[in-house]
2 protein chains.
Amino acid sequence: MKSPSSLDFLTEALRRLPGIGPKSAQRMAYHLMQHDREGAAMLGRALSQAVDRVQHCAMCNTFTEHDVCETCLDAERNPALLCVVETPGDQLMIEQTLTFKGLYFVLMGRLSPLDGIGPKDIHLDKLISRATDGIVQEVVLATNFTNEGEATAHYISETLKARGLKVSRLARGVPVGGELEYVDAGTIARAMLDRRTT
Amino acid sequence: MKSPSSLDFLTEALRRLPGIGPKSAQRMAYHLMQHDREGAAMLGRALSQAVDRVQHCAMCNTFTEHDVCETCLDAERNPALLCVVETPGDQLMIEQTLTFKGLYFVLMGRLSPLDGIGPKDIHLDKLISRATDGIVQEVVLATNFTNEGEATAHYISETLKARGLKVSRLARGVPVGGELEYVDAGTIARAMLDRRTT
């Protein structure tokens, strides 16, 4: 018994999605063919359209359909402040806090030597030329507080400080609503060291 | 800040895949755009091709690119035996055992009244006309041994027996390699009732 080859091809292609193994891919292919052909056609169109249209912003490196994204073109923002994030999702989270009115640079990744991800893969050259445009005064590092994110922040910080820029990092500490009993010791230690006079 | 609309459209379309929520869909969309555009283009082509070409076998109801699938056309098989399974994956498992040389009927689902899946959705009419072609002598029910699978088997069994067909069901019992201590009581009870003289 052989599956029809288009179905095999579809199952194979679905495995290119991150986190999808052979069993899930087969389940998805069957589901689409049996219950949601309209969804399958729609996903097909969405993929080709995205491949055709989505590119990287010349200024901040995020995904956009234009040369420069809407955020970078926004004249209301403070061009002296540049916030560095790992992904567009992180940028979205910061935007939702309404506490930052500067511009962004999206690394589209983080340093991870074990996975072979070096400075080139996080577009460090592009960040350096962006940050040293003469307008940016302060670079706020908002990479994640994971090991890789911290290493990335450290690396970028050293690189940009050597070029005379002011570099800051999001504060670490006890999360809002956090109960000390349930916060890990490392976080409390950091919050103690970084304590602020009130 | 707004995501580019093709990226939003792609994220929305990825949510049509079973088991994919908004966060996974976003992660997949970013991954494809950032790291695997070739994979995205390939998946797009695979989807359109599958939607265009994959149809149901006129005889056994499985997925095929022709009117009748290869299995049903296989002259080496015994046309008097018809095995009823829930999905093409189940059929594949049975084929791998090399113990069955008859033909198949694939329900593409199972009865599940709570989900609104009735006899029509599992192509019961098609199964009845297939099984009463005058050539099929015995129908082997190989639906799953879940509640829904058992209910489906019971329903089909009653329907086909009323039309004078011989209907059988895969044996239940202790799995090969199973240790009694770790097998559930229901399975052991069934194995005791269905015990065979050796």
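Just above sits the structure.
All values derive from a computational prediction rather than experimental measurement.

Considering the packing of helix H1 (residues 5-14) of chain A against helix H3 (residues 37-53) of chain B
Okay, step 1: In the contact formed by H1(A) and H3(B), the axes pass within 9 Å of each other and the chain directions differ by 150°. One way to sum up the angle between H1(A) and H3(B) is to call them roughly antiparallel. The chirality of how H1(A) crosses H3(B) is left-handed. Two secondary-structure elements touch here, H1(A) through A:Ser6, A:Phe9, A:Leu10, A:Glu12, A:Ala13 and A:Leu14 and H3(B) through B:Met42, B:Leu43, B:Arg45, B:Ala46, B:Leu47, B:Gln49, B:Ala50 and B:Arg53.
Okay, step 2: Split into classes, the residues belonging to the contact of H1(A) with H3(B) amount to nine nonpolar, two polar and three charged.

Concerning unusual backbone geometry
Okay, step 1: In this model, A:Asn61 sits at a positive phi of 75°, which is unusual for a non-glycine residue.
Okay, step 2: Tracing the chain through its elements places A:Asn61 in the loop between strand S1 (55-56) and strand S2 (63-64).
Okay, step 3: Classification of A:Asn61 as buried rests on a relative accessible area of 1%.
Okay, step 4: Within the chain, B:His123 stands out as a residue other than glycine whose phi angle is a positive 55°.
Okay, step 5: For B:His123, a relative accessible area of 22% gives the class partly exposed.

Concerning the relation of the copies chain B and chain A
Okay, step 1: Expressed as a screw transformation, the operator carrying chain B onto chain A has a rotation angle of 180° and an axial translation of 0.0 Å, and the superposed copies differ by an RMSD of 0.0 Å. The operation mapping one copy onto its partner corresponds to a two-fold rotation axis. Scanning chain B for the C-alpha nearest the rotation axis identifies B:Gly44, at a separation of 2.0 Å.
Okay, step 2: Comparing interface residues between copies, 100% of those in chain B also sit at the interface in chain A, which points to an isologous, same-surface contact.

Considerations on the packing of aromatic side chains
Residues and elements named next belong to chain A.
Okay, step 1: All chains considered together, the criterion is met by four aromatic pairs over all chains.
Okay, step 2: Aromatic side chains Phe 100 and Tyr 104 sit 5.2 Å apart centroid to centroid with 65° between the ring planes, which places their arrangement in the edge-to-face category.
Okay, step 3: Here Tyr 104 falls in the buried class, since its relative accessible area comes to 1%.
Okay, step 4: The residue whose ring lies beneath Arg 169 is Phe 145, and the NZ or CZ to ring-centre distance is 4.0 Å.

Focus: the interface of chain B and chain A
Okay, step 1: Tallying the contact residues gives 54 residues for chain B and 54 residues for chain A.
Okay, step 2: Counting the surface lost from both chain B and chain A, the interface buries some 5,300 Å², and carbon and sulfur atoms represent 67% of this.
Okay, step 3: If you look at where chain B meets chain A, you find two salt bridges.
Okay, step 4: Among the salt bridges present, the one from B:Arg16 reaches A:Asp36, with a minimum N-O distance of 2.9 Å.
Okay, step 5: Between chain B and chain A we count 12 residue pairs in polar contact (both at pLDDT 80 or more) in total.
Okay, step 6: Ranked by residue count, the leading element in the side of chain B that touches chain A is H3(B), at 15 residues.
Okay, step 7: Of the residues that constitute the side of chain B that touches chain A, the class distribution is 27 nonpolar, 15 polar and 12 charged.

Digging into the sheet that holds strand S5 (residues 138-141) of chain B
Residue and element names in this part refer to chain B.
Okay, step 1: Spatial strand order, S4-S3-S5-S6: four strands in an open sheet with parallel pairing. Lying at the two open borders of the sheet, with one neighbouring strand each, are strand S4 (102-106) and strand S6 (166-169). Direction aside, neighbouring strands of the sheet carry axes that sit 25° apart on average.
Okay, step 2: Inspection of the sheet shows strand S3 (residues 78-85) paired to S4 by five bridges, in the parallel sense. Residue pairing across strands places Asn 78 opposite Gly 102, the latter belonging to S4.
Okay, step 3: Each of S3, S5 and S6 is contacted by helix H7 (residues 147-161), which is oriented at about 165° to S6, the strand it contacts most.

Re the pattern of salt bridges
Residue and element names in this part refer to chain A.
Okay, step 1: Tallied over the entire structure, the rule returns 18 salt bridges over all chains.
Okay, step 2: As a salt-bridge pair, Glu 95 and Arg 77 come within 2.6 Å of each other at their nearest N and O atoms. Of the two residues, Glu 95 is situated in helix H5 (residues 88-97) and Arg 77 in the loop between helix H4 (70-73) and strand S3 (78-85); the sequence distance between them amounts to 18 residues. Like Glu 95, the residue Arg 77 is buried in the burial classification.
Okay, step 3: By sharing partners, the salt bridges in this structure join Asp 74, Arg 77 and Glu 95 into a single network.

Observations regarding the environment of B:Ile94
Residues and elements named next belong to chain B.
Okay, step 1: Tracing the chain through its elements places Ile 94 in helix H5 (residues 88-97).
Okay, step 2: Exposure remark for Ile 94: the relative accessible area of 14% places this residue in the buried category.
Okay, step 3: Ile 94 sits 11 residues away from Cys 83 along the chain, and the two C-alpha atoms are 9.5 Å apart.
Okay, step 4: In contact with Ile 94, not counting residues within four places along its chain, are Cys 83, Val 85, Phe 100, Tyr 104 and Ala 142.

Rules behind the numbers
Residues numbered from 1 in each chain as written. Chains lettered and ligands numbered in written order. Predicted model: local features only at pLDDT ≥ 70, side-chain atom pairs only at ≥ 80, totals over all residues. Heavy atoms only, no water. Axes fitted to C-alpha atoms, helices over the stretch in contact; angles between N-to-C directions. Helix = DSSP H or I, 4+ residues; strand = E, 2+ residues; numbered from the N terminus. Parallel < 35°, antiparallel > 145°, perpendicular 65-115°, else oblique. Left-handed = near helix turned anticlockwise from the far one by under 90°. Contact = heavy atoms within 4.5 Å. Nonpolar A, V, L, I, M, F, W, Y, C, P; charged D, E, K, R; others polar. Buried < 20%, exposed > 50% of the residue type's maximum accessible area, 1.4 Å probe, protein only. Least-squares fit on C-alpha atoms with pLDDT ≥ 70 in both. Phe/Tyr/Trp six-rings, centres within 6.5 Å; stacked < 30°, edge-to-face > 60°. Lys NZ or Arg CZ within 6 Å of the ring centre and 35° of its normal. Buried area = accessible area lost by both parts, 1.4 Å probe. Salt bridge = Lys/Arg side-chain N within 4 Å of Asp/Glu carboxyl O. Polar contact = N/O pair within 3.5 Å; in protein donor to acceptor, adjacent residues only side chain to side chain. Pairing = 2+ DSSP bridges.

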